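Chain by chain, the residues:
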Amino acid sequence: MKTTKRQAVTKHGDLNGLPADLLAWFDRHGRDLPWRTALGERRDPYRVWLAEIMLQQTTIPHGTPYFLTFTQRWPTVEALAAAKDEEVMTAWAGLGYYARARNLLKCAREIAERGSWPETAAELKKLPGIGPYTAGAIAAIAFNQPAAAVDGNVDRVFARLLALKGNWADEKKRLHAEVERLVPAKRPGDFAEALMDLGATVCTPTKPNCLICPVSDYCLAKAEGEPERYPIKPPKKAKPIRRGAAYVAVHKGEVLLQRRPDKGLLGGMLGLPTSDWVEGERPEPSPPFKASWEEIGDVRHVFTHFDLRLTVQRADVSRRPNADGVWVPLDEVEGLPSVFAKAFRLATAG
Ligand code: SF4
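The model shown is predicted, which means the values in this text are computed figures rather than measured ones. (Residues numbered from 1 in each chain as written. Predicted model: local features only at pLDDT ≥ 70, side-chain atom pairs only at ≥ 80, totals over all residues. Heavy atoms only, no water.)

A. Highlighting the overall build of the protein chain. When its secondary structure is counted, the protein chain shows 13 helices and 7 strands. Along the longest, intermediate and shortest principal axes, the C-alpha atoms of the protein chain span 80 × 45 × 35 Å. A total of 350 residues make up the protein chain; the buried ones form 49% of that total. A sequence separation of at least 24 residues applies to 68% of the contacts in the protein chain between residues at least 6 apart. On the protein chain, roughly 18100 Å² of surface is accessible, and the fraction owed to carbon and sulfur atoms is 50%. Computing the positive centroid from 50 side-chain charges and the negative centroid from 43, the protein chain places the two 3 Å apart. (Helix = DSSP H or I, 4+ residues; strand = E, 2+ residues; numbered from the N terminus. Buried < 20%, exposed > 50% of the residue type's maximum accessible area, 1.4 Å probe, protein only. Contact = heavy atoms within 4.5 Å. Areas by Shrake-Rupley, 256 points an atom, 1.4 Å probe, with all protein chains shown as cover. Lys, Arg positive; Asp, Glu negative; His and termini not counted. Charge placed at Lys NZ, Arg CZ, Asp CG, Glu CD.)

Below, the structure written as structure tokens:
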């Protein structure tokens, strides 16, 4: 791949030459990730889509083993479409944001039924669980369409390049328009991945490494001398705190688990019985059956819209009570969502 020589003059704020410089850097320093192919090779839309969905709100080190497990178990979108809901939900456990897994299945089934993937961002956006960013990423990376993929990383990089100081909602529109304008006709997918890599490895949130940055000549924030102050966003609202209880019922080496309703938080997942989770005071106890419940301690878990404080209660019973759910041997409990895994570990440690 031919590389473009870096220009010696500074071009602060004028980004026209940026795609060529960024792609030249990407050719040498792009990350080797399991869902990528060698430069110039066609990408499999299934793998691109799966990786993009899995890595929303998830780090690459955490998401990669899930990607490898899924692609080994379900190597094609048709195979995933034919999987049982429970199998997929269990394999997803620990990745969080379980609505993503439900939409993943819906989307796989829609694609399997259609027989092929749509190729444009506009069409991809109509599929379950695919928003503007993911649609742009799949269109550009898998189908070489001139689409922009703008996520939080790209927001940060461009907020710095352009030193955006105004109202963040307005600045974001300007920034998105600028990224779209710059998408190169020839290598849109590489451009999208190069921006992802730049944001992840060089222009990082707290310590941008401007000394090795391939686009520093263009960067207004670097010229100002304080790039880490960007992006300038309105302060985040504090998350509300919800409280509740989780119940670990043990009978002859087995624990009671219940499948949660399909709709709602952690929908369709197997978990511990719980009380309601409410803001304010701790709710009244509501164990799955009457027993001598012992308070073991508290676990905390952060969801997108609230922080959860769960009091963990345990009861050891000699007779199997009449309660909804399934009894699972303690050493075979797996695939619990993180919040329940924490409560289970606390109640069974030692
Ligand atoms: Fe980010 Fe620094 Fe590069 Fe600007 S010069 S894009 S702040 S790493």
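This is not the end of the story, as more comes after the structure.
B. Seen up close, the UniProt feature "domain: HhH-GPD" (unreviewed entry) in the protein chain. When the UniProt feature table is mapped to this numbering, "domain: HhH-GPD" (unreviewed entry) covers residues 54-201. Helix makes up 68% of residues 54-201 and strand 0%, whereas the separation of the span's terminal C-alpha atoms amounts to 19 Å. (UniProt positions renumbered as here; feature names shortened; annotations may be inferred.)

C. Examining the pattern of salt bridges more closely. One pass over the structure, following the stated rule, counts 16 salt bridges. Among the salt bridges present, the one from Arg187 reaches Asp27, with a minimum N-O distance of 2.7 Å. Here Arg187, found in the loop between helix 10 (168-182) and helix 11 (188-201), pairs with Asp27, found in helix 1 (residues 18-29); they are 160 residues apart in sequence, far enough to count as distant. Owing to a relative accessible area of 19%, Asp27 belongs among the buried residues under this scheme. If you follow the salt bridges from partner to partner, you end up with Arg31, Arg36, Arg43, Glu193 and Asp197 in one network. (Salt bridge = Lys/Arg side-chain N within 4 Å of Asp/Glu carboxyl O.)

D. Summary view of the layout of surface pockets. Taken as a whole, the largest pocket holds about 670 Å³ of empty space. Together, 21 residues line the largest pocket, and Leu55, Gln57, Thr58, Asp151 and Asn153 are the ones closest to its centre. For the lining of the largest pocket, the secondary structure elements donating two or more residues are helix 2 (45-54), helix 8 (132-143), helix 9 (152-161) and helix 11. For the lining of the largest pocket, the element with the highest residue contribution is helix 8, accounting for 3 residues. Considering only enclosed or pocket space, the second largest pocket measures out at about 430 Å³ in volume. Contributing to the lining of the second largest pocket are 24 residues, with Gly96, Tyr97, Tyr98, Phe303 and Thr304 lying nearest its centre. Elements with a minimum of two residues in the lining of the second largest pocket: helix 6 (98-114), strand 5 (294-302) and helix 13 (338-348). Examining the composition of the lining of the second largest pocket, we find that 3 residues originate from one element, helix 6, more than from any other. When its residues are assigned to classes, the lining of the second largest pocket shows 11 nonpolar, 11 polar and 2 charged. Counting residues domain by domain, the lining of the second largest pocket receives three or more from each of domain 1 (7-229) and domain 2 (241-348). (1 Å grid on protein atoms, 1.4 Å probe; cavity = no way out; pocket = protein on both sides within 12 Å on 5 of 7 lines; lining within 4 Å. Points joined across faces, edges and corners; volume = space filled by probe spheres on them. Nonpolar A, V, L, I, M, F, W, Y, C, P; charged D, E, K, R; others polar. Domains from an automatic or database assignment.)

E. Highlighting unusual backbone geometry. The omega torsion of the bond from Tyr230 to Pro231 falls at -5 degrees, within 30 degrees of zero and hence cis. Along the chain, Pro231 falls in the loop between helix 12 (220-224) and strand 1 (241-251). For Tyr97, which is not glycine, the phi torsion reads 50 degrees and is therefore positive. The residue Tyr97 is located in the loop between helix 5 (85-92) and helix 6 in this model.

F. Geometry of the domain arrangement of the protein chain. If you check the domain split of the protein chain, you get domain 1 (7-229) and domain 2 (241-348). If you average the C-alpha positions of domain 1 and of domain 2, the two centres end up 36 Å apart. Contact with domain 1, which involves 8 residues of that partner, is made by 12 residues of domain 2. Interface area for domain 1 against domain 2, summed over the two sides, is near 750 Å², with a carbon-plus-sulfur share of 58%. For the interface between domain 1 and domain 2, the tally reads 0 salt bridges. (Buried area = accessible area lost by both parts, 1.4 Å probe.)

G. Expanded view of the confidence of the model for the protein chain. Across the protein chain, the average pLDDT comes to 92, with 96% of residues at or above 70. Within the protein chain, helix 4 (residues 77-81) carries the highest mean pLDDT (98), whereas helix 5 carries the lowest (91). Every residue in residues 1-9 is under pLDDT 50, and counting partners more than four places away or in other chains gives 19 contacts. (pLDDT = per-residue confidence, 0-100.)

H. The arrangement of the site of the ligand in detail. Around the ligand lies a shell formed by Arg160, Val202, Cys203, Pro208, Cys210, Cys213, Ser216, Cys219, Lys222 and Pro227. Most atoms of the ligand, that is more than half of them, are within 2 Å of grid points of the largest cavity. The class makeup of the residues in the shell around the ligand is 7 nonpolar, 1 polar and 2 charged. (Near = heavy atom within 4 Å. Sits in = over half its atoms within 2 Å of the grid points.)

I. How the structure looks around the environment of Asp331. Relative to the helices and strands, Asp331 resides in the loop between strand 7 (326-329) and helix 13. Asp331 gets classed as exposed once you look at its relative accessible area, which sits at 70%. Between the alpha carbons of Asp331 and Lys125 there is a distance of 42 Å; along the sequence they are 206 residues apart.

J. How the structure looks around the nonpolar core. By size, the foremost hydrophobic cluster in this structure holds 70 residues, and its most contacted members are Trp49, Phe70, Leu80, Trp92 and Trp117. It is helix 8 that provides the largest number of residues to this core, a total of 8 residues. Two domains each put at least three residues into this core: domain 1 (7-229) and domain 2 (241-348). In contact with Leu80, not counting residues within four places along its chain, are Tyr46, Trp49, Phe70, Trp74, Val88, Leu104, Leu105 and Ala108. (Core = buried A, V, L, I, M, F, W, Y, C linked by side-chain atoms within 4.5 Å.)

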